[in-house]
Amino acid sequence: MTTSSQPPVIKVRNLQRKIPVNVTTLQKLAARAVRRCLQLHKRRRTELSKLHEVFVWLISDRRMSWLHRKFLGEEGTTDVLTFQHGEIFISVETAKRNARIFATSLIRELELYIVHGLLHLHEFDDRTAAEARKMKRAQEKILGDCSGSQIAAAGLN
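Note that the coordinates shown come from a computational prediction; the quantities given were computed from them, not determined experimentally. (Residues numbered from 1 in each chain as written. Predicted model: local features only at pLDDT ≥ 70, side-chain atom pairs only at ≥ 80, totals over all residues. Heavy atoms only, no water.)

Enquirer: What am I meant to see in the sheet that holds strand β1 (residues 9-14) here?
Expert: Pairing between sheet strands relies on hydrogen bonds along the backbone, with the strands arranged either parallel or antiparallel. Strand order in this open sheet of 4 strands is β1-β2-β4-β3, and the pairing throughout is mixed. Each edge of the open sheet carries a strand with a single partner, namely β1 and β3 (80-83). Ignoring which end each strand starts from, the neighbouring axes of this sheet average 15° apart. As judged from the 6 bridges shared by β1 and strand β2 (residues 53-59), these two strands associate in the parallel manner. Note on β2: the bridge partner recorded for Val9 is Glu53. Here helix α1 (residues 23-40) sits on the sheet and contacts β1 and β2; the angle it forms with β1, its principal contact strand, is near 155°. Strands β1, β2, β3 and β4 (87-91) of the sheet are contacted by helix α5 (residues 106-121), whose axis makes an angle of about 150° with β4. (Pairing = 2+ DSSP bridges. Helix = DSSP H or I, 4+ residues; strand = E, 2+ residues; numbered from the N terminus. Axes fitted to C-alpha atoms, helices over the stretch in contact; angles between N-to-C directions. Contact = heavy atoms within 4.5 Å.)

Enquirer: Sorry if this is basic, but what is going on with the state of the cysteines here?
Expert: Note: disulfide means a covalent bond formed between the sulfur atoms of two cysteine side chains. Counted under the stated rule, the structure contains 0 disulfides. Residue Cys37 stays outside any disulfide, its sulfur separated by 7.8 Å from that of Cys146, the closest cysteine. (Disulfide = S-S within 2.5 Å.)

Enquirer: Would you mind going over the packing of α1 against helix α6 (residues 129-146) with me for this structure?
Expert: Any two packed helices are characterised by how steeply their axes cross, that is the angle between the axes, and by the distance between the axes. In contact at an axis separation of 9 Å, α1 and α6 are set at 135° when each is read in the N-to-C sense. With respect to α6, the axis of α1 lies oblique. Judged by the sense of rotation from one axis to the other, the crossing of α1 with α6 is right-handed. Of the residues in α6, those touching α1 at Leu29, Arg32, Ala33, Arg36, Cys37 and Leu40 are Ala138, Lys141, Ile142, Asp145 and Cys146. (Parallel < 35°, antiparallel > 145°, perpendicular 65-115°, else oblique. Left-handed = near helix turned anticlockwise from the far one by under 90°.)

Enquirer: I tried to follow the nonpolar core on my own but got confused; where do I start?
Expert: What tends to happen in soluble globular proteins is that the nonpolar side chains get buried as a cluster. Formed by 35 residues in total, the largest nonpolar core has its most connected members in Leu58, Ile90, Leu110 and Leu118. Elements with a minimum of two residues in this core: β1, α1, β2, β4, α4 (92-101), α5 and α6. Among the elements that line this core, the one with the most residues is α5, at 8 residues. In this structure, Leu118 is in contact with Ile10, Ala30, Ala33, Val34, Cys37, Leu48, Val54 and Ile88, ignoring residues within four places of it in sequence. Of all hydrophobic cores here, the second largest spans 7 residues; its members include Ile59, Met64, Leu67 and Phe89. (Core = buried A, V, L, I, M, F, W, Y, C linked by side-chain atoms within 4.5 Å. Buried < 20%, exposed > 50% of the residue type's maximum accessible area, 1.4 Å probe, protein only.)

Spelled out as structure tokens, the structure:
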């Protein structure tokens, strides 16, 4: 069992081969983001605060579609799936498409999905409009505080 002073170890692994990804940058963001997430509900015991490890798996659309169908009964791919035992699956192909649509970079889109998954583990939800707004504010705050591009721009890396 972890405490807020000892966040879970987070590991980012790239299992897809179609799109090059800088895993080191994502790993650094993820380590900072997990600490920031835990600061949001300091007194509440959540899955994130109980975990020893969190795994972020970067996967293909094909694998994501299979997971989406198997665990949620839904057809087609999605951007991110979070499992309460500490696994976050991210479709890199979907992230690349969404980065084009939202005029952002692939790395920024992947950072967003990591933070989104961590917040789900920390009992944030986005099923209602009010919950989605609260989660979006938390995501933006964490990304602003933890983003590799933000830190590089400030000369702190």
